[in-house]
Amino acid sequence: MEKFRFTCARHEQRFRDLVERAGCTDTARLDELGRKTLAWLSTRYPRHVLDHFNQGRCLGCTLEAAHVDLAEIEDRITALATRNA
């Protein structure tokens, strides 16, 4: 995976840092984790995910603007990365 679609550099790097700290450095696995994270976010925050795609805006920025607690999301990403590391 070269770059996430509609993701700013800051949030893309944050995602990469989280999964790398959890022991995942494989690019194919990183792509899979991105898809799994988006699937989870789509069920947890469907309106924000829809807005993100419709506006072509970074999902992390969209969630921050909505005052969503990103710690829960970061915990989920870490859990997904650790589970299959």
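Each remark here, short or long, concerns the structure printed above.
In short, a report on the structure.

**Comments concerning unusual backbone geometry**
Even without being a glycine, H67 presents a positive backbone phi close to 60°. Tracing the chain through its elements places H67 in the loop between α4 (59-65) and α5 (70-83).

**Overview of the environment of L70**
Among the secondary structure elements, L70 is positioned in helix α5. Through-space distance from the C-alpha of L70 to that of G60 is 8.3 Å; in sequence the pair is 10 residues apart. Those residues in contact with L70, other than ones at most four positions away along the chain, are H11, L63 and E64.

**As for the packing of aromatic side chains**
For the structure shown, the criterion picks out 2 aromatic pairs. Taking 6.3 Å as the distance between ring centres and 75° as the angle between the ring planes, the aromatic pair formed by F6 and F53 counts as edge-to-face. With F6 in the segment before α1 (9-21) and F53 in helix α3 (residues 46-55), this pair connects stretches of sequence that are 47 residues apart. F6 sits in the partly exposed class, given a relative accessible area of 27%. Ring plane angle 80° and centroid distance 6.4 Å describe the contact between W40 and Y45, whose orientation is recorded as edge-to-face. With respect to class, W40 is no different from Y45; both count as buried.

Criteria and thresholds
- Residues numbered from 1 in each chain as written.
- Predicted model: local features only at pLDDT ≥ 70, side-chain atom pairs only at ≥ 80, totals over all residues.
- Heavy atoms only, no water.
- Helix = DSSP H or I, 4+ residues; strand = E, 2+ residues; numbered from the N terminus.
- Contact = heavy atoms within 4.5 Å.
- Phe/Tyr/Trp six-rings, centres within 6.5 Å; stacked < 30°, edge-to-face > 60°.
- Buried < 20%, exposed > 50% of the residue type's maximum accessible area, 1.4 Å probe, protein only.

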